[in-house]
Amino acid sequence: MFNADGGKANPASSNSHSPDEHSSNERPSSKSGTESRALSGRKIVIAIDGPAGSGKSTLAALLARKYGYVNIESGAMYRALALKAIETSASLDDGPALAALAQASQIELQPRPEGNRVLLAARDVTERIRQKDVTDAASKVSVHPPVREWMVDHQRAMGTDGGIVMEGRDIGTKVFPSAEVKIFLDADPEIRGNRRFQQHPALSEKKAAVLTELRERDQRDRTRANSPLEPAADAVHIDSTHLTLEQVTERAMQIVDAKLAEIRNR
Ligand code: DC
């Protein structure tokens, strides 16, 4: 949770689920993850990056639950700013003006087991920011360096104490370059388009349009001058094209458990 006052966000102490609430209310199904965390005594930062529709949010939410961490969907912050820009008829091409708009906005993320609840000036915009106009606008506002600077500052403030799973495009490269675990999750565009479509069947768009839009967004995210989507040099790649969600989760937990064991044995 954060706001534009620059106040430090602390999702764990907000009125949303705290890590301990997760672990006591919904016991993690993985003993190994829970035990590792308890034994290591240290909460780490888990960074998950990848293109749209690769399953980052689902994986981040699952890992957060299993380890009793807080999950943050950084893309939701770009989306909330994009919605604000749309509602105030701000130009999507004016980086400094958009950064000033971010500064003047009150954006709040409330981590939940099923994903982040997003508030804009206390208004619940969780569903609204998934609509096509906001999706397009978010990709556009995110190319501007002043906007990214503002976002990165606020995202970093949320992870200073560890115990966080943050997903996005530049988490392992820019936001938390020292994250203990970095995962780059990818899948063939066709598969990602299908998953996106199934996730949001209420979308009024046709499947082909969803895929075209996803490819355009991929292109913009990967080729922007500032913080393009790219794996960190030390990220572990998971290609989920031929994997089930369970297999992806299993693989990710092996990576996290190995890191926690390494920290414990230092
Ligand atoms: O993950 P998402 O689809 O909700 O992200 C929305 C847009 O925000 C996406 O086009 C890329 C951008 N984004 C970004 O540039 N950096 C991030 N860390 C997260 C999202």
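Broken down by element type, the chain carries eleven helices and eight strands. Counting all 266 residues of the chain, 53% fall into the buried class. Partitioning the contacts of the chain with sequence separation of at least 6, the portion at a separation of at least 24 is 75%. Surface exposure of the chain reaches about 11800 Å², of which carbon and sulfur atoms provide 49%.

Relative to the elements of secondary structure, Asp 221 occurs in helix α10 (residues 207-223). Here Asp 221 is in contact with Ser 139, Ser 142, Arg 169, Pro 228 and Leu 229, once residues within four sequence places are set aside.

Below, the discussion takes up the confidence of the model for the chain. Across the chain, the average pLDDT comes to 84, with 82% of residues at or above 70. With pLDDT under 50 throughout, residues 1-40 is counted as low confidence; its partners more than four residues away or in other chains account for 90 contacts.

In a soluble, globular protein the nonpolar side chains are often hidden away together inside. Counting 36 residues, the largest nonpolar core has Ile 72, Leu 81, Val 118, Ile 129, Met 151, Met 166 and Phe 176 as the members making the most contacts within it. No other element matches the eight residues that helix α4 (residues 74-87) contributes to this core. Setting aside residues no more than four positions away along its own chain, Leu 81 makes contact with Leu 98, Leu 101, Ala 102, Ile 107, Val 141, Val 147 and Met 151. In terms of nonpolar packing, the next biggest core, distinct from the first, is built from 21 residues, Val 165, Leu 185, Ile 255 and Ile 263 among them.

To continue, consider the site of the ligand. Taken together, 16 residues lie around the ligand, and Arg 79, Arg 148, Arg 169, Asp 170 and Arg 224 are the ones closest in. A distance of 2.8 Å separates an oxygen atom of the ligand from a polar atom in the side chain of Arg 169. Alone, the ligand offers 450 Å² of accessible surface; in the complex the protein occludes 97% of this. At the level of secondary structure, the elements contributing two or more residues to the shell around the ligand comprise α4, α6 (132-141) and α10. Looking at the shell around the ligand, the element that brings in the most residues is α4, giving four residues.

On the basis of which strands lie adjacent, the open sheet formed by five strands has the order β2-β6-β1-β7-β8 and parallel pairing. Taken across any chain shown, the strands that pair with only one partner, and hence form the sheet edges, are β2 (70-73) and β8 (236-239). Pairs of neighbouring strands in the sheet enclose a mean axial angle of 20 degrees, with direction left out of account. In this sheet, strand β6 (residues 164-168) lies alongside strand β1 (residues 45-49) in parallel orientation, the contact comprising five bridges. Within β6, the residue paired with Ala 47 across the bridge is Met 166.

Rules of the game
- Residues numbered from 1 in each chain as written.
- Predicted model: local features only at pLDDT ≥ 70, side-chain atom pairs only at ≥ 80, totals over all residues.
- Heavy atoms only, no water.
- Helix = DSSP H or I, 4+ residues; strand = E, 2+ residues; numbered from the N terminus.
- Buried < 20%, exposed > 50% of the residue type's maximum accessible area, 1.4 Å probe, protein only.
- Contact = heavy atoms within 4.5 Å.
- Areas by Shrake-Rupley, 256 points an atom, 1.4 Å probe, with all protein chains shown as cover.
- pLDDT = per-residue confidence, 0-100.
- Core = buried A, V, L, I, M, F, W, Y, C linked by side-chain atoms within 4.5 Å.
- Near = heavy atom within 4 Å.
- Polar contact = N/O pair within 3.5 Å; in protein donor to acceptor, adjacent residues only side chain to side chain.
- Pairing = 2+ DSSP bridges.
- Axes fitted to C-alpha atoms, helices over the stretch in contact; angles between N-to-C directions.

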